[in-house]
Amino acid sequence: MLKILLPTIMLIPMTWLSPAKRLWTTTLAYSLIIALASLAWFNTPTETGWSCMNTYMATDPLSTPLLALTCWLLPLMILASQNHTSSEPVGRQRMYITLLTSLQIFLILAFSATEVIMFYIMFEATLIPTLIIITRWGNQTERLNAGTYFLFYTLAGSLPLLVALLLLQNNTGTLSLLTLQYAPAMELSSYADKFWWAGCLLAFLVKMPLYGAHLWLPKAHVEAPIAGSMILAAVLLKLGGYGMMRMMIVLEPLTKELSYPFIIFALWGVIMTGSICLRQTDLKSLIAYSSVSHMGLVAAGILIQTPWGFTGALILMIAHGLTSSALFCLANTNYERTHSRTMMLARGLQMVLPLMTTWWFIASLANLALPPLPNLMGELMIITSLFNWSWWTLALTGAGTLITAGYSLYMFLMTQRGPLPAHIMAIHPTHSREHLLIILHLLPLILLILKPELVWGWSA
Amino acid sequence: MMNNPAMMSTILTSPLHMTSSMVLVFFALSYPIFTSLSPKPLKNDWAISHVKKAVKLAFFISLLPLFLFLNHGTETIMTDWKWMGTDTFDLCISLKFDFFSTIFTPIALFVTWSILEFASWYMHADPNMNRFFKYLLIFLIAMIILVTANNMFQLFLGWEGVGIMSFLLIGWWYGRADANTAALQAVLYNRVGDIGLIFAMAWFATNLNSWDLQQVFTASKDMDLTFPLLGLIIAATGKSAQFGLHPWLPSAMEGPTPVSALLHSSTMVVAGIFLLVRMSPLLENNPTALTTCLCLGALTTLFTATCALTQNDIKKIVAFSTSSQLGLMMVTIGLNQPQLAFLHICTHAFFKAMLFLCSGSIIHSLNDEQDIRKMGGMNHLTPFTSSCLTLGSLALTGTPFLAGFFSKDAIIEALNTSYLNAWALVLTLLATSFTAVYSLRIVFFVSMGNPRFTSLSPINENNPTVINPIKRLAWGSIIAGLLITSNMLPMKTPVMSMPPILKLAALIVTLLGVLTAMELASLTNKQFKTTPNLTAHHFSNMLGFFPAIIHRLTPKLNLILGQTIAAQTVDQTWLEKTGPKAIVSLNEPLIETTNNIQQGMIKTYLSLFFFTLALALLLLLI
């Protein structure tokens, strides 16, 4: 574990000490090396499931994919931010990279924590750099409002979790993830216990976000700079899913019936947010709402608590992480050229940026879950496990896939196809950096087709 | 004979030859795709030198398994490489080379080869011709994946593959709004069908714990399969443009003509029927599903034939005729005759591809004019193309001993001798006679009469890349039916003896159709009424008012849901109001109260302080 964590921490001094000319290249190279090294976590066949252990940290099949995703995303964020921070003084650029790095440190600690309370602390700690990224580096005044929403929604959800965790510690005597599943099942019968159950999940449901508690997400995504949107969509939302999967073991007997309204709500959210996407004019907002829609499916898959549900949820989390991050990057390439997120103003871009259209196309297809991309495997498994619970869910999930296809292709057609508007003149050609950025998103996604078990979690 | 060791060894090794040559087909087809990934720009003739050659080569390779199958009856399943698996649910790459896939693959390759050759002429002015060919090739590969798939997941892969490639190909001229709309329509209608397929897959996974076709067939013997079968039928409805999900098919004519030819002949639209043919072991014992297929197919075939009657766009007529033929195939599935449906897929591929190529050639010759009212007299100007157009129309109507006859006549006979729904029978017969009507209409307007187009048209069909593909397909349209029928062992016993009226029913209704059409054609010159009654014409010409209603109402409702309810009412009003804004509005009165007191009125504060102090002291002292 420390092999990755310490280099990540050392990335901060390196950011401040390396010469300004080489700042971006060195940090990029360094973080890429960390990302490549983190792939070694996949290669640990152990019987117990846990590996790479030290006193406080370990990995298991559930956390490994998310950890690797976290490490993979830092170089991509650095690549993506290079252009829009280039006009800033170098000190601020260093500060920015430091923030991104600190986020990775917290995320590694969160995903690999073996104690729930440590996970909780790191879960909260990620708020700080993210808040700074949104409110300090966002582009418009609404960023302050977005930051407030982001902070207060998450905090309001997660403070009950702290109380619930302390209660759990009081009852079972341990919060270690290694032993928690062997702790005797708690007697949960009173109404207070049900509140406790809700307290345990609320933080994660808000983070996911569950439909109804999702208002912070479109705002945060839209207002954040590109790196912020990327990390939010790719990893931070997944903290919610990860936390839920971890807590589910403890909550076992109560969840069976209490989760029904949440499942329905999540699935209803898939339809509603999908419909909102169909009416979006703002590119980033569309991608953000599509994240809510996909994460609704993930939430339903986790709450259904079958091996297929968990597996599907994990696959979809990883696949969606890469896809939505790629889409945000693509949106950013448009934004950096036209300085507008409005889709109507940047149409027909296939004429001017033909290779970008390819990336747009692949990313849209991944978003609408085309086989054999992992997105489809995840969705199919979730749909199947939900179907196993109740046939009626297929009406919601089926309509969801239809709407997803609708808005993904709407986004593609709107931005890439059609005639080129007359005002689009003299825009930059695409940079190799941008192509590399998208390739590094899509390549893992495509390679995962060949060995999907890597992200299958416990049931692989 | 079996004692002959050489013969024995052939029989033992023929599955090996079969699988290896079929895998070679895949390699031959995907080779140009992979080599095109190299950053070096492709040569201008890459489309012809690589793609067309690859398909041609693949066709010849695929003949080997075909001959092995015809000679020895070799059928084989190849399973290798466990793709993924949980504890109990495994998914392997598994290919099935049976009657259906061994016969269909060479046909698809042959037809595509011709279409590609034609496309090299038709698209010669397009700067992205190489990309166009690459798309067509991926389209074909997806179809072959679908045909050879031995499990549901692979089938789904090919299924979505053809869907998404059709999106790209229909939207090829992406500057045109219509092309983009048509492309989106195709995907969305197919997605509705996909829900059915996903439903069936979820059902199989839940109840049978397998997506492998053999296991599904074996394990589901005693189960009630009505629901998953209905799911599959919905899937086929979407892909094969059956009634209800049909409007995307005529809209898809926005794509270039070679795309239409490929889409309508051997890929994409037959995929739905092919799915049901594949799943026929499940269908055959389920009367509900069969009746659904029968009625759906009958309705489709009549409705789309009706629509074809009054279209003026040559490609639209051919497109609706495809839709009508697909309905006929669906009827055949409903008759529990999957083999006949498959036969019709095969024969239909030849003449439909040829009809599209002919119309493409004519459209090109007439300066991209698609309206048949502005054609005419092509018989003298492009004799070869227009004779092939006539030949294709004749094959389509089921003229004896052309390709269409062998499948269509057999289907109608099977229909006549079965104990099934009379309503469906009447609808199908009516549609058959309509086939003759619109086929005659094409021939009448395009090749007969006098030219009605502008005199400066670049009419020239003397180009081997036009003539040769059409010629090959013409041969196919003439002999394919005979070849396939004589080499095919029927799985179901056909009824051989029947009264002459039933035996000749198909021919009689077709002839009646032709006679009616000729009478109508002669009536056009004599106006009997001052104002003709146009309701029926409008119904047919406006496609039964189906798109006018469905394409406005459904999106409108959806978009209203999205905007008014989901975004404005829920997200921007209620969730804001009860969430973040509620905290503000709850706390504001408290804040204001506390705030209001502290306004720097020192006299009041001091006097309050004084009185409170005095009161307290007084109370203490007393």
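The structure displayed is predicted, hence computed values, not measured ones.

## Notes on the packing of aromatic side chains
Residues and elements named next belong to chain B.
So, point 1. This structure, assessed with the given rule, holds 50 aromatic pairs over all chains.
So, point 2. Consider the rings of phenylalanine 100 and phenylalanine 342, whose centres lie 4.9 Å apart with planes at 70°: the pair is edge-to-face. One end of the pair, phenylalanine 100, is in helix α3 (residues 99–122); the other, phenylalanine 342, is in helix α15 (residues 338–365), with 242 residues separating them in the sequence.
So, point 3. On the accessibility criterion, phenylalanine 342 (1% relative accessible area) is buried.
So, point 4. Measuring from ring centre to ring centre gives 6.1 Å for phenylalanine 153 and tryptophan 211, while their planes differ by 10°; the resulting arrangement is stacked. One end of the pair, phenylalanine 153, is in helix α5 (residues 152–170); the other, tryptophan 211, is in the loop between α6 (177–207) and α7 (213–219), and 58 residues separate them in sequence. Pair check on accessibility: phenylalanine 153 and tryptophan 211 agree, each one buried.

## Section: the interface of chain B and chain A
Quite often, the size of an interface is put as the accessible area lost when its parts meet.
So, point 1. Each partner contributes to the interface: chain B provides 47 residues, whereas chain A provides 52 residues.
So, point 2. Buried surface at the junction of chain B and chain A, summed over both partners, amounts to about 4,500 Å²; 74% is from carbon and sulfur atoms.
So, point 3. The largest per-residue losses of area from chain B upon contact with chain A belong to B:Tyr174, B:Arg191 and B:Asp571, which jointly make up 14% of the total buried on that side.
So, point 4. For the pair chain B and chain A, the interface holds 1 salt bridge.
So, point 5. Between chain B and chain A we count 10 residue pairs in polar contact (both at pLDDT 80 or more) in total.
So, point 6. If you list the elements that add at least two residues to the side of chain B that touches chain A, you get β1 (76–85), α5, α6 and α24 (546–578) of chain B.
So, point 7. Sort the elements by how many residues they give to the side of chain B that touches chain A and α6(B) lands first, with 14 residues.
So, point 8. A per-class count over the side of chain B that touches chain A returns 33 nonpolar, 8 polar and 6 charged.

## Side note on a nonpolar patch on the surface
So, point 1. A cluster of nonpolar residues, B:Ile602, B:Leu606, B:Phe609, B:Leu613, B:Leu617, B:Leu618, B:Leu620, B:Leu621 and B:Ile622, forms a patch on the protein surface that exposes about 1,100 Å² of accessible area.
So, point 2. Inspection of the secondary structure assignment puts B:Leu620 in helix α26 (residues 602–621).

## Things to note about the side chain of B:Glu117
Residues and elements named next belong to chain B.
So, point 1. Mapped onto the elements, glutamate 117 comes out in helix α3.
So, point 2. Classification of glutamate 117 as buried rests on a relative accessible area of 7%.
So, point 3. Here glutamate 117 is in contact with Lys52, Pro464, Thr465, Asn468, Pro469 and Arg472, once residues within four sequence places are set aside.

## Things to note about the UniProt feature "domain: NADH dehydrogenase subunit 5 C-terminal" (unreviewed entry) in chain B
So, point 1. As recorded in UniProt, the sites labelled "domain: NADH dehydrogenase subunit 5 C-terminal" (unreviewed entry) are residues 438–619 of chain B.
So, point 2. The span residues 438–619 of chain B is 72% helical and 0% strand by assignment, and the distance between its end C-alpha atoms comes to 110 Å.

## A closer look at the packing of helix α2 (residues 46–72) of chain B against α3(B)
Residues and elements named next belong to chain B.
So, point 1. For the pair α2 and α3, the least separation of the axes is 8 Å and the interaxial angle reads 155°. Here α2 lies roughly antiparallel to α3, going by the angle between them. Of the two possible hands of crossing, α2 and α3 adopt the one that is left-handed.
So, point 2. Of the residues assigned to the contact of α2 with α3, the class counts are 17 nonpolar, 4 polar and 3 charged.

## Description of the domain arrangement of chain B
All names here are of chain B.
So, point 1. Along its sequence, chain B is organised into domain 1 (32–454 + 462–526) and domain 2 (530–578).
So, point 2. Computed over C-alpha atoms only, the centres of domain 1 and domain 2 are separated by 31 Å.
So, point 3. In this complex, domain 1 contributes 13 residues to the contact, which on the side of domain 2 involves 9 residues.
So, point 4. Surface buried jointly by domain 1 and domain 2 totals about 850 Å² across both partners, of which 65% is contributed by carbon and sulfur atoms.
So, point 5. Remark: the boundary between domain 1 and domain 2 carries 5 residue pairs in polar contact (both at pLDDT 80 or more).
So, point 6. For the side of domain 1 that touches domain 2, the elements supplying multiple residues, two or more each, are α6 and α13 (287–309).
So, point 7. Here the element with the most residues in the side of domain 1 that touches domain 2 is α13; it accounts for 4 residues.
So, point 8. In terms of residue class, the side of domain 1 that touches domain 2 is built from 7 nonpolar, 6 polar and no charged.

## A word on the pattern of salt bridges
All names here are of chain B.
So, point 1. Counted according to the given criterion, the structure contains 16 salt bridges over all chains.
So, point 2. Salt-bridge contacts for aspartate 90 lead to lysine 82; the nearest nitrogen and oxygen are separated by 3.7 Å.
So, point 3. For aspartate 90, a relative accessible area of 42% corresponds to the partly exposed category.
So, point 4. Lysine 82 gets classed as partly exposed once you look at its relative accessible area, which sits at 44%.
So, point 5. For arginine 472, the salt bridge identified is with glutamate 117, shortest N-O distance 2.5 Å. Here arginine 472 is found in helix α20 (residues 464–486), whereas its partner glutamate 117 is found in helix α3, with 355 residues between them in sequence. For the residue pair arginine 472 and glutamate 117, the accessibility class agrees, reading buried in each case.

What counts as what
Residues numbered from 1 in each chain as written. Chains lettered and ligands numbered in written order. Predicted model: local features only at pLDDT ≥ 70, side-chain atom pairs only at ≥ 80, totals over all residues. Heavy atoms only, no water. Phe/Tyr/Trp six-rings, centres within 6.5 Å; stacked < 30°, edge-to-face > 60°. Helix = DSSP H or I, 4+ residues; strand = E, 2+ residues; numbered from the N terminus. Buried < 20%, exposed > 50% of the residue type's maximum accessible area, 1.4 Å probe, protein only. Contact = heavy atoms within 4.5 Å. Buried area = accessible area lost by both parts, 1.4 Å probe. Salt bridge = Lys/Arg side-chain N within 4 Å of Asp/Glu carboxyl O. Polar contact = N/O pair within 3.5 Å; in protein donor to acceptor, adjacent residues only side chain to side chain. Nonpolar A, V, L, I, M, F, W, Y, C, P; charged D, E, K, R; others polar. Patch = residues over 30% accessible without salt bridge, like charges linked within 9 Å, V, L, I, M, F, W, Y side chains within 5 Å. Areas by Shrake-Rupley, 256 points an atom, 1.4 Å probe, with all protein chains shown as cover. UniProt positions renumbered as here; feature names shortened; annotations may be inferred. Axes fitted to C-alpha atoms, helices over the stretch in contact; angles between N-to-C directions. Parallel < 35°, antiparallel > 145°, perpendicular 65-115°, else oblique. Left-handed = near helix turned anticlockwise from the far one by under 90°. Domains from an automatic or database assignment.

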